[in-house]
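Next come the chains, spelled out residue by residue.
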Amino acid sequence: MASTLPLLCLHEIFQVLNDDQQALYSCLLVNRHWCHEAVTFLWRKPLQNSEASYSSSVALVDALLSCLSFEDKNRLGIEHTTSGIFAYANYLRHFNFLNLARAISEWRSATCVLISAQLVLQTLCRHLFSCEALFVDLQLDFETSLDDYDWSEDDWNFFRFPGARRSLSRLRTFNCFGAYDPILLLSASTFCTEIESIEVSLDTFGWTRYQRGELMIKAGAETLVALISVQKNLARFHLQDCHFRGFAIDLSNIFEALKSAHNTLKHIQFSTIDVQGYPLLDVLGLCHNLETIVFNRCQNIGKCTNKKPSTPFFPHLKTLQLNKTFIPVPTLRTFAVNAAHSLQEVLIRGDGYQENWNAVQVFAINNPNITKFQVHGAITELPQILRLVKSWDQLESLSIMHTKDENDDDELFDADYFIVDLGAALPPTMRHLTIQLDLEFTAESLLRFYQNCQAPLQTFEFPASQCISDEHLRIVSEYAPRSLEHLNIMDATDITEAAIRAVRTVVPNIISSFYFSKSDRIFRDPVRF
């Protein structure tokens, strides 16, 4: 029966199994027809696994080397290598440069060959971009810590390799990091115009290591502008690591270039950059289809200068994430007001708002549809956070992280009253609750929390509360909703192993100081916000 399935049916089956390497490998063994078709799916992204085993890396390099021409094998001194059953290299669609480099280093160590890893890597790369492979995903990371390679030698501009125009013209995802030559970005712009996702660093550490200096950094910014400007469907953009010896790089041309993608951009992220007061919000406001904006460790984000935009800013914005990034209150209010009904997730990480806590309240006033909220707060600010929670009747996830505040006075804060009031404030939509502060509350207060709470919580986390005792766990066992799946009490010190095992009959996944083995099904990755 399997041998009579039409080719299109097989392709549908293999497409569903695309991310299940073990299942695809099993399909190879059904019969010759299945083997011939399944191998094309199995070899689409063999370089994606950065944690591949030593033996897998060696086997992968052996298979790729078997695809080389006799001349290339002779040059590498491996002319004795037999050709593979299939032209595996032709099936690749995803290319990860760093993973290939690491695999070659492991292969060289295992085979004890004397030829340099750099020559093997250069030879394989030239073959991969000249064969029949059609890449849709290109991930380049010129990691400077790899001992076997020196990126200042040889030509690593893949877009100038023979056959690159054909093999890379369908590129949809492009990531580039490390000590690369900025001309690489300019070469990509000559024929890669359908890229949907670009993630690039201006890694000045790598460039200065090779004594390329400030001129190379400026060239990197200029060539990135060229790449952005020719894209027709750019939906995701991430720029990171833009500093030169501690000084900020002028990124204004890059910001201006993003205007060319104002109709297609949906997700944008900036990490470790200095905006230098540039009115970036004006540019982002033109991108009326933006759904996600992330600022990670960014500095000097300016105010919005366009007081009367022709079209509303951020009408489709769903997620705003600020990680150790301070944004002026007027700018923050611009996000909240313009994304009034679309904004659903607000994540504010870091200590940037402990002096301007009232700024966070703009979301409670302007954004009634918030479903996920994460904020850093001091213990004395918890009552204000509680008022925010009461403003959102669709809230599903709440995470309160600790902020150090010299004015904190735990003795003036009634944690028992807060816990009881929190249970009554949580809406019925709430699923995930994390409070990472060392609150001292009694088991009786926890009981009243559950009696007041109507939310079917799935995740309940108080990882920093040392007050949790066996009596607290008994309350959880008897009164927690049956929906509870994950309990985090990592810092609890006054509990016994017997109490932990008892509560596990109700809650399947527990994080505590007693359990660390996989056999105990520890839930190590609570809700990610």
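The rules behind the values
- Residues numbered from 1 in each chain as written.
- Predicted model: local features only at pLDDT ≥ 70, side-chain atom pairs only at ≥ 80, totals over all residues.
- Heavy atoms only, no water.
- pLDDT = per-residue confidence, 0-100.
- Contact = heavy atoms within 4.5 Å.
- Axes fitted to C-alpha atoms, helices over the stretch in contact; angles between N-to-C directions.
- Helix = DSSP H or I, 4+ residues; strand = E, 2+ residues; numbered from the N terminus.
- Parallel < 35°, antiparallel > 145°, perpendicular 65-115°, else oblique.
- Left-handed = near helix turned anticlockwise from the far one by under 90°.
- Nonpolar A, V, L, I, M, F, W, Y, C, P; charged D, E, K, R; others polar.
- Buried < 20%, exposed > 50% of the residue type's maximum accessible area, 1.4 Å probe, protein only.
- Polar contact = N/O pair within 3.5 Å; in protein donor to acceptor, adjacent residues only side chain to side chain.
- Salt bridge = Lys/Arg side-chain N within 4 Å of Asp/Glu carboxyl O.
- Pairing = 2+ DSSP bridges.
- Right-handed = clockwise from strand over helix to strand, strands pointing away.
- Core = buried A, V, L, I, M, F, W, Y, C linked by side-chain atoms within 4.5 Å.

(A) Expanded view of the confidence of the model for the protein. Counting all residues, the mean pLDDT for the protein is 84, and 86% of those residues have values of 70 or more. Contacts of residues 352-356 to residues separated by more than four positions or lying in other chains number 12 contacts, the stretch itself having pLDDT below 50. Segment residues 515-529: pLDDT under 50, and 34 contacts once partners within four positions in sequence are set aside and those in other chains are kept.

(B) Inspection of the packing of helix α18 (residues 443-452) against helix α19 (residues 470-479) at higher detail. Orientation of α18 relative to α19, taken along the N-to-C sense of each, is 20 degrees, at an axis distance of 9 Å. Put simply, α18 runs roughly parallel to α19. Between α18 and α19 lies a crossing whose hand is right-handed. Taking contact as the criterion, the partners of A443, L446, L447 and Y450 in α18 are, on α19, E471, H472, I475, V476 and Y479. Class assignment of the residues belonging to the contact of α18 with α19 gives a composition of seven nonpolar, one polar and one charged.

(C) The arrangement of the side chain of S342 in detail. Positionally, S342 belongs in the loop between α14 (329-338) and β10 (345-349). By relative accessible area, which is 15% here, S342 ends up buried. A polar contact is formed between the side chain of S342 and the backbone oxygen of P315, at a distance of 3.4 Å. Among the polar contacts made by the side chain of S342, one reaches the main-chain carbonyl oxygen of L317 at a distance of 2.7 Å. Sequence-distant contacts of S342, that is, excluding residues within four places in its chain, are made with F314, P315, H316, L317 and K318.

(D) How the structure looks around the pattern of salt bridges. Scanning the model with the defined rule gives nine salt bridges in all. Between R75 and D72 there is a salt bridge, with the nearest N and O atoms lying 2.5 Å from each other. Of this pair, R75 and D72 both sit in helix α5 (residues 70-76), separated by three residues, roughly a single helical turn. Its relative accessible area of 47% is what places R75 among the partly exposed residues. One salt bridge connects R474 with E471, and the closest N-O pair in it is separated by 2.5 Å. Residue R474 and its partner E471 are located together in helix α19, separated by three residues, close to a single helical turn. Owing to a relative accessible area of 37%, E471 belongs among the partly exposed residues under this scheme.

(E) Spatial organisation of the pairing of strand β11 (residues 372-377). Here β11 lies mainly inside the structure; five of its six residues are buried. As judged from the four bridges shared by β10 and β11, these two strands associate in the parallel manner. For L347, the partnering residue across the bridge sits in β11 and is Q374. The sheet contact formed by β11 and strand β12 (residues 397-402) spans six bridges and is parallel. Residue pairing across strands places H376 opposite M401, the latter belonging to β12. A crossover connection joins β11 to the parallel β12 through helix α16 (residues 382-389); in handedness this β-α-β unit is right-handed.

(F) Spatial organisation of the environment of T493. With respect to the element layout, T493 can be found in the loop between β15 (486-488) and α20 (497-503). On the basis of relative accessible area, T493 is assigned to the exposed category, the value being 58%. Measuring from C-alpha to C-alpha, the distance between T493 and I468 comes to 7.3 Å, with 25 residues separating the pair along the chain.

(G) A look at the nonpolar core. F270 and L439 are the most contacted members of the largest nonpolar core, which has 173 residues in total. Ranked by residue count, the leading element in this core is helix α6 (residues 97-111), at seven residues. Not counting residues up to four positions away in its chain, the partners in contact with L439 are I379, L382, F413, A415, F418, I419, F462, S465 and C467.

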